[in-house]
Amino acid sequence: MENSSKTASPKRRTAPPREARNNVSYNESFQPYMETFHRSPKRAKPDVPHRRQALETGPENDELKDKLEIGDCVLVSSNDEEYVALVLNLHNSGGPKKFTALWFYRAEDISKDVLAKVDGGVLENEVFQSSERDTNSVEHVVGKCQVISELDFRDRQNIFRLGQLFDEEEPIFVCRYKYDAKALTFQPIKEPTEIRLGLGVNEPNVGDEFQAQTLPPCTKPPLGPFRGKLMWSPSTVSTEPYAFKKFLRAIDDFRFSTGSIVKYYHKYPEGSLVTGSHCRGVICSVVDNDNVKILPAAGDKVVVVLKSDLCSGLTDDRALMHFHAKRRNYVEAINQCIQEFTQLQVEEKKLFQKELQTHLTKNSTATSN
């Protein structure tokens, strides 16, 4: 194809006479799916400028040269003919950019007697991988194409039937066999990756053979004592609604009683850097059934708030769990709630004192400055 001093055009394949080319047999079973199959003409029409000439005069050709990668399948032009090749390597030695090509034969390049050996006949747009390779200039590349396997072809049959392609700019060819031009024999391609000799983008490995065979031993942690949680259910409310409401009022009496520590969203005065924050507060007195007076740890004065705006360490869920566990026994459930609430208040009072001390220290520092 090319000597060391000058880049030559790719040479023609040895082909039979035109009469033999016209007698190529195609597999009729695949014909309906290939009717809309895009195929580049073997010869350019006399009254239409050649595709390569059009590319050389526009920016599209320069962009194609820059994007050409190892593993791409391309169409190479020579003497008004277009040949299918696989890019094996790219050469940048200071001169014109070159590439090493592995050539594919078309059915027109093989005699009828040899094609008769193909099992089931030849598909339209089928090419045959050869062992011929040589170096060519990127200037002869017309454009990229796709050479797919028979398996990939069958996956795309429905798309071909609808007349749609994944990329209308790239012609698609099917390759099922390797062709030995000397022995005139065909060898089936077993794996789709053999078409591009494993070059280009690798497909993900899927299957049991790619899974890990030996896994490291997994030691489970020792199991401790079972700590099941008994949660309350809607039947707790629907079975005895009167006892349920009475129970909620009773726990509110000691959750929001004088001296209890609660959580409260404290709003800061206008002009402050922050609008407010959650803090703890101590209930100073009970105003009525809905309101209480509290002193927030982050505040300087007593404020009146709604009980519904406060949060106790003994939440409603925890209280209702005791009510459900005691089978709606009002007295025993209240006793369990009081015990848990008393234990929670010990820790809550320590946290309230810590928040109050932090607030006082912050105010004294701001006053001194």
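It should be emphasised that the depicted structure is a prediction, and the values quoted were computed from it without experimental measurement. (Residues numbered from 1 in each chain as written. Predicted model: local features only at pLDDT ≥ 70, side-chain atom pairs only at ≥ 80, totals over all residues. Heavy atoms only, no water.)

A. Seen up close, the packing of aromatic side chains. Counted by the stated rule, this structure contains seven aromatic pairs. Residues Tyr-83 and Trp-103 carry aromatic rings whose centres are separated by 6.4 Å and whose planes lie at 85° to one another, so their mutual orientation is edge-to-face. Placement of Tyr-83 in strand S2 (residues 81-91) and of Trp-103 in strand S3 (residues 98-106) is noted, with a sequence separation of 20 residues between them. Residue Trp-103 is classed as buried on the basis of its relative accessible area of 1%. By the ring-pair criterion, three or more aromatic residues cluster together here, those being Tyr-105, Phe-128, Tyr-177, Tyr-179 and Phe-186. Residue placement shows Lys-246 over the ring face of Tyr-330; its charged tip is 5.1 Å from the ring centre. (Phe/Tyr/Trp six-rings, centres within 6.5 Å; stacked < 30°, edge-to-face > 60°. Helix = DSSP H or I, 4+ residues; strand = E, 2+ residues; numbered from the N terminus. Buried < 20%, exposed > 50% of the residue type's maximum accessible area, 1.4 Å probe, protein only. Lys NZ or Arg CZ within 6 Å of the ring centre and 35° of its normal.)

B. Local environment of the nonpolar core. Counting residues in each nonpolar core, the largest one holds 15 residues, and the members touching the most others are Val-84, Phe-104, Val-127, Cys-145, Val-147, Phe-173 and Cys-175. Looking at this core, the elements with two or more residues in it are strand S1 (73-78), S2, S3, strand S5 (141-148) and strand S6 (172-180). Setting aside residues no more than four positions away along its own chain, Cys-145 makes contact with Cys-73, Val-74, Leu-75, Val-84, Glu-170, Pro-171 and Phe-173. Judged by nonpolar contacts, the second largest core, of 14 residues, contains Ala-250, Phe-254, Ala-333 and Phe-341. (Core = buried A, V, L, I, M, F, W, Y, C linked by side-chain atoms within 4.5 Å. Contact = heavy atoms within 4.5 Å.)

C. Region of the structure containing the state of the cysteines. Counted by the stated rule, this structure contains zero disulfides. Here Cys-73 is not disulfide-linked; the sulfur of Cys-145 is the nearest cysteine sulfur, at 5.4 Å. Using a relative accessible area of 4% as the deciding quantity, one classes Cys-73 as buried. (Disulfide = S-S within 2.5 Å.)

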